[in-house]
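These are the residues of each chain, in order.
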Amino acid sequence: MLSFIEYLEEDVRKMPDGTYGVYADMKKDGKRVLTPTGKHRKELKKTYKNKKDANDYMAAIMIAKGGG
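J.: Describe the pattern of salt bridges, with residues and values.
T.: Across all of its chains, the model carries one salt bridge by this definition. The salt bridge partner of D56 is K52, with a shortest N-O separation of 2.7 Å. Of the two residues, D56 and K52 both sit in helix 2 (residues 51-64), four residues apart, roughly one turn of that helix.

Written out as structure tokens, the structure reads:
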């Protein structure tokens, strides 16, 4: 089982330009949810210059959705 920080880091990814992108993936039972067309549902929400700010934003998203 993933820790809360490991779970957040899955959705915070280093971008080619060196910033960190925050992706919001819809997950159920630890797996990404598929759309009716069979693609994984994910969306880039924001980018940050450092990983700490990106993780803080992702934590805020999780708490707002009731996941924290």
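Moving on from the model shown.
J.: Kindly report on the nonpolar core, identifying the contributing residues and their values.
T.: If you look at the biggest cluster of nonpolar residues, it comprises eight residues: V12, Y20, V22, Y48, A54, M58, I61 and M62. Residue assignment for this core shows that the elements contributing at least two residues are strand 2 (20-25) and helix 2.

J.: Could you give an account of the confidence of the model for the chain, with specific residues and numbers?
T.: Put simply, the chain has an average pLDDT of 78, and 81% of its residues get 70 or more. When mean pLDDT is taken per element in the chain, strand 1 (residues 12-14) scores highest with 89 and helix 1 (residues 4-10) scores lowest with 51.

Reading the values: rules and limits
- Residues numbered from 1 in each chain as written.
- Predicted model: local features only at pLDDT ≥ 70, side-chain atom pairs only at ≥ 80, totals over all residues.
- Heavy atoms only, no water.
- Salt bridge = Lys/Arg side-chain N within 4 Å of Asp/Glu carboxyl O.
- Helix = DSSP H or I, 4+ residues; strand = E, 2+ residues; numbered from the N terminus.
- Core = buried A, V, L, I, M, F, W, Y, C linked by side-chain atoms within 4.5 Å.
- Buried < 20%, exposed > 50% of the residue type's maximum accessible area, 1.4 Å probe, protein only.
- pLDDT = per-residue confidence, 0-100.

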